[in-house]
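# Working through the structure, step by step
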Amino acid sequence: ACKRDGVQETGLESPLPKYCPILLNRHHYDLKTFTRKKVTDPVDIPMVLDLKDYCIEELDDNAVSEYKLVAMLEHHSTSASSGHYTARLREIIPTSRALSNSDIETQQTQNENSQKPDNVKWWQFDDKNIYPLWPCENIEDQIKNEAYSERDQSGRVHSKEAYLVCYIRVDH
């Protein structure tokens with residue numbers, strides 16, 4: 001028998017999908033207590049993610065590899081076996097629907113403005129309660145939201161509770 005070194009390769013194939021959900025492994029098994037424990041270390045989540053470096057083959061010149069964060073699901077608890085779930089969703093203006101010419105012009109302006117970080121609207125979904133996160137109307141809400149999960153100037157979200165993030169390709 002001939003012995004050979006093997007090479008294992010993992011990566012994405014072209015064309016890249018419209019959505020990119022990423023499940024974060026936020027639990028580990030504690031061998032001392034034989035129980036599942038929640039990982040509560042903070043996670044830095046980029047607002048924009050470029051997957052070009054994770055592709056198996058080089059992408060075409062016109063292929064889009066950048067994704068923007070559109071959703072973050074969070075589990076609020078110190079326990080791995082119980083807790084409360086919430087969702088943060090980015091407001092997305094639909095680009096494909098029947099519109100009048102004036103609606104198209106308004107939508108184009110909104111889409112251009114929505115690409116600017118200060119104009120992106122995020123919503124918090126918590127059971128029956130839905131409220132805006134960014135940008136906030138008043139400073140008290142902004143302070144409360146920053147303490148809950150911060151967004152810094154580098155375009156990242158910091159969270160101790162995130163367990164699932166979802167991105168959408170920027171051309172959608």
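Residues numbered from 1 in each chain as written. Predicted model: local features only at pLDDT ≥ 70, side-chain atom pairs only at ≥ 80, totals over all residues. Heavy atoms only, no water.

### A word on a negative patch on the surface
Together, E13, E57, E58, D60 and D61 line one region of the surface with negative charge. Looking at the element boundaries, E58 is found in the loop between strand 5 (48-50) and strand 6 (66-76). (Patch = residues over 30% accessible without salt bridge, like charges linked within 9 Å, V, L, I, M, F, W, Y side chains within 5 Å. Areas by Shrake-Rupley, 256 points an atom, 1.4 Å probe, with all protein chains shown as cover. Salt bridge = Lys/Arg side-chain N within 4 Å of Asp/Glu carboxyl O. Lys, Arg positive; Asp, Glu negative; His and termini not counted. Charge placed at Lys NZ, Arg CZ, Asp CG, Glu CD. Helix = DSSP H or I, 4+ residues; strand = E, 2+ residues; numbered from the N terminus.)

### Considerations on the pattern of salt bridges
Across all of its chains, the model carries 3 salt bridges by this definition. Of the charged contacts, one joins E161 and K38 as a salt bridge, the two residues approaching to 2.8 Å between their closest N and O atoms. Residue E161 is found in the loop between strand 11 (156-159) and strand 12 (162-169), and its partner K38 is found in strand 3 (residues 35-38); the two are separated by 123 residues along the sequence. Of the residues examined, E161 reaches a relative accessible area of 23% and is grouped as partly exposed. Judged by relative accessible area, which is 10%, K38 ranks as buried. The closest approach of N and O atoms between D171 and R169, which form a salt bridge, is 2.8 Å. (Buried < 20%, exposed > 50% of the residue type's maximum accessible area, 1.4 Å probe, protein only.)

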